[in-house]
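A closer look at the structure
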Amino acid sequence: MRIKFSPDAQHVFVRAVNGMYHIDLRKNNREVARVPGQLVPEDVYFNDGKTYTTLWQGNYTVHDLNTDQPLSAGETSLNLVRLLFDDSSSVSPDMTQRVELQEGSFYLVTDLAPALLRSQHSLGEKLVSFRAMPDSKGVLILKKNGRALQYVSLEAEDGVHKYIETPFTIDRFGVDEEHDFIYVISTPENDRSQLLFYRASTGKPIGKLVSVKGMISFSRDGRQISSRLDEEKLGIWDIASGELVRTFTLRQGEKYKLSADLSTILALDEQSNWRVVNVATGKVVHQESTRIKGAYFTPDNKYLLAFFNDNAQLYDLTDFVSRLTLPTAGDSPKAELSPDGKVIAMAEDNKYIRLWSLEKMRPIGQKIRNDATNGYLKFSADGQILFASDPL
């Protein structure tokens, strides 16, 4: 770990050669404090909003989040850093449980706050994937060649039980916490997959079976889903009913990108000709042959940011007039809109991003160092803070 943010985005921990440092973003002076200890902690985990736990090898220390003073410490029989270090692991929304691989078997480790490793559930060696449930009371797991999703409860001692059973072999699944649904996708046959939805809180089916091909896109409001019907047509389905509500015809070889509400599509052909079309009416809003490097529909469906070789254009989707020209020379187009829709952070080149005010249509402040390919870039929920990792 080099840098880690707390779940509420109010604290930043940075691990350096000579120690770990805590930056409290709630304080106006952004005070930096060295975390007490003779050894440099290897990682940090957040507990209840009042304390945090630092780990190194088989030892842990619990600190007060406001003062950084140690409250308790101890040893465990396992190397916790090795146990917990896995960026691909899924952690529950309240940061109390995760799944880890130990000596060939997967375990659900609950309650990262001391007592660490308060309980474990053996999930076996055939685990394919897992997802935390929205209420943080359990985890869904998928095993190899499984036709069902199993539920591991963290509040009962009845172990693992079947939660959702499907008519097909499951290839993958996902949990949408915000909209309380689970989607399950079958193993492809003849280049097609079957898709089913279930209510996350109850496990009951939603809608009906949908046959999809290739990439799947969800609308931002969680009501619709889109995928290819075949090589030429794109379909949009209503999740609640499972009914096909709209189709869109693509030209041969076209790739596409949809807006967050699935109402607008950008289609790009093999000769770099691109067009923007209203999906419902089929009306072409804009088209040109200028080579485009990437595109970003803002989540509020107001703008399309199109990246070209030496600039980016911010198009208003109501009339597709460019409201702003932004300089960019990066190889990897990248952008992030603030939650209030007033500021956009955009990669100016491969190492820097720039903030732009969409109200005043001009840049804000100075350049910010950020790796355009792998760097972290995210606004806080209130849009007042931008978190960006600095490439070294």
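The notes below deal with the structure included here. What you are looking at is a predicted structure, and each value in this text was computed from that prediction instead of being measured.

1. Quick word on the sheet that holds strand S22 (residues 244-249)
Taken in spatial order, the seven strands make up an open sheet running S16-S17-S18-S19-S20-S21-S22, and their pairing is antiparallel. The open sheet has two edge strands, strand S16 (170-176) and S22, and neither has a second partner. Here the strands of the sheet are splayed against their neighbours by 30° on average, with no regard to which way each runs. Direction of pairing for strand S21 (residues 233-238) relative to S22: antiparallel, over a ladder of five bridges. When the bridges of S22 are listed, leucine 234 appears paired with phenylalanine 248.

2. Section: the environment of glutamate 31
Counting through the fold element by element, glutamate 31 comes out in the loop between strand S3 (19-24) and strand S4 (32-34). Residue class for glutamate 31 comes out partly exposed when judged on its relative accessible area of 36%.

3. Points about the environment of asparagine 145
With respect to the helices and strands, asparagine 145 occurs in the loop between strand S13 (138-143) and strand S14 (148-153). Asparagine 145 sits 42 residues away from threonine 187 along the chain, and the two C-alpha atoms are 9.1 Å apart.

4. Points about the pattern of salt bridges
If you walk through the whole model with that rule in mind, you get 13 salt bridges. Taking the shortest distance from any N to any O, the salt bridge between arginine 172 and aspartate 171 comes out at 2.8 Å. On the accessibility criterion, arginine 172 (37% relative accessible area) is partly exposed. We classify aspartate 171 as partly exposed; its relative accessible area is 32%. Among the charged side chains, a network of salt bridges with common partners joins Asp191, Lys213 and Glu231.

5. Notes on the pairing of strand S20 (residues 224-228)
Across the five residues of S20, four count as buried, placing the element largely inside the fold. One ladder, built from three bridges, connects strand S19 (residues 205-218) with S20; its direction is antiparallel. Following the sheet pairing, serine 217 is matched in S20 by serine 226. The antiparallel hairpin formed by S19 and S20 contains five residues in its connecting segment, where glycine 222 sits at a positive phi of about 75°. With five bridges joining them, S20 and S21 adopt antiparallel strand pairing. What sits directly across from isoleucine 225, in S21, is tryptophan 237. Hairpin connection between S20 and S21: a loop of four residues separates the two successive antiparallel strands.

6. With respect to the nonpolar core
Leu140, Leu149, Ile170, Phe173, Ile182, Val184 and Tyr198 are the most contacted members of the largest nonpolar core, which totals 15 residues. Mapped onto this core, the elements with two or more residues apiece are S13, S14, S16, strand S17 (181-186) and strand S18 (193-199). The biggest single contributor to this core is S16, with three residues. In this view, phenylalanine 173 contacts Ser129, Phe130, Arg131, Leu140, Leu142, Leu149, Ile182, Tyr183 and Val184; residues no more than four positions away in its chain are not counted.

7. Section: the packing of aromatic side chains
Enumeration according to the criterion identifies ten aromatic pairs in this entry. Following the ring pairs from residue to residue traces out a cluster consisting of Phe181, Tyr183, Phe197 and Phe218. Positioned above the aromatic ring of tyrosine 45 is the side chain of lysine 4, whose terminal nitrogen or guanidinium carbon lies 4.3 Å from the ring centre. For the cation-ring pair, arginine 131 lies above phenylalanine 173, with the distance from its terminal atom to the ring centre recorded as 5.8 Å.

8. What to know about the environment of glycine 383
Along the polypeptide, glycine 383 turns up in the loop between strand S35 (377-379) and strand S36 (386-388). Exposure remark for glycine 383: the relative accessible area of 18% places this residue in the buried category. Placed 40 residues apart in sequence, glycine 383 and valine 343 show a C-alpha to C-alpha distance of 8.4 Å.

Procedures and definitions
Residues numbered from 1 in each chain as written. Predicted model: local features only at pLDDT ≥ 70, side-chain atom pairs only at ≥ 80, totals over all residues. Heavy atoms only, no water. Pairing = 2+ DSSP bridges. Helix = DSSP H or I, 4+ residues; strand = E, 2+ residues; numbered from the N terminus. Axes fitted to C-alpha atoms, helices over the stretch in contact; angles between N-to-C directions. Buried < 20%, exposed > 50% of the residue type's maximum accessible area, 1.4 Å probe, protein only. Salt bridge = Lys/Arg side-chain N within 4 Å of Asp/Glu carboxyl O. Core = buried A, V, L, I, M, F, W, Y, C linked by side-chain atoms within 4.5 Å. Contact = heavy atoms within 4.5 Å. Phe/Tyr/Trp six-rings, centres within 6.5 Å; stacked < 30°, edge-to-face > 60°. Lys NZ or Arg CZ within 6 Å of the ring centre and 35° of its normal.

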